[in-house]
Amino acid sequence: MLYAILCYHDEDFVGSWTKEQDAAVMKKLAVVQDKLTQQGRLGPVARLLPTTAATTLRKENPPLVLDGPYAETKEQLLGFYLVDCKDLDEALDVARDLGAANPGGAYEIRPVGQFMPGSAKP
């Protein structure tokens, strides 16, 4: 089953990292990603741009488009992984590995109920 592992963190904190600090975290995450790739279990991985680049569509009548995410949260969604795992316990193991490589934040693990690979090319 595919699981989405959603990566949340304080965007201002992550944005304050130096290039060297960011590269060090990415290097640690690459170890986990490489392991999953070798096992044939890693799907798409995305690192989202800052929420300052977000646009929100409010479902009003008529719909309203606003600059920014307007999320009422202390942590922002910064990226996600799609991982093929046999069950939730295995998905939690992956999230623990990612968490050990990345200081702070939280990981939300959710089963993916519908999967369509799509046609977009990175």
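Residues numbered from 1 in each chain as written. Predicted model: local features only at pLDDT ≥ 70, side-chain atom pairs only at ≥ 80, totals over all residues. Heavy atoms only, no water.

Of the residues in the chain, 95% reach a pLDDT of 70 or more, and the chain-wide mean stands at 89. Looking at the elements of the chain, mean pLDDT is at its lowest for strand β4 (residues 64-67), recorded as 82, and at its highest for helix α2 (residues 19-38), recorded as 96. (pLDDT = per-residue confidence, 0-100. Helix = DSSP H or I, 4+ residues; strand = E, 2+ residues; numbered from the N terminus.)

Moving on, we get to the layout of surface pockets. The volume enclosed by the largest pocket comes to roughly 460 Å³. What lines the largest pocket is a set of 25 residues, and nearest its centre among them are V14, M26, R47, L78 and G79. When residues of the lining of the largest pocket are traced back to their parent elements, those giving at least two are β1 (2-9), α1 (11-15), α2, β2 (42-47), β5 (76-84) and β6 (106-111). Element by element, the count of residues in the lining of the largest pocket is highest for β5, at four residues. (1 Å grid on protein atoms, 1.4 Å probe; cavity = no way out; pocket = protein on both sides within 12 Å on 5 of 7 lines; lining within 4 Å. Points joined across faces, edges and corners; volume = space filled by probe spheres on them.)

Here we take up the pattern of salt bridges. Pairing between side chains becomes possible if they bear opposite charge and their charged atoms approach one another. Under the defined criterion, the tally for this structure stands at five salt bridges. The closest approach of N and O atoms between R41 and E90, which form a salt bridge, is 3.4 Å. Placement of R41 in the loop between α2 and β2 and of E90 in helix α3 (residues 88-101) is noted, with a sequence separation of 49 residues between them. Since its relative accessible area comes to 17%, R41 is described here as buried. (Salt bridge = Lys/Arg side-chain N within 4 Å of Asp/Glu carboxyl O. Buried < 20%, exposed > 50% of the residue type's maximum accessible area, 1.4 Å probe, protein only.)

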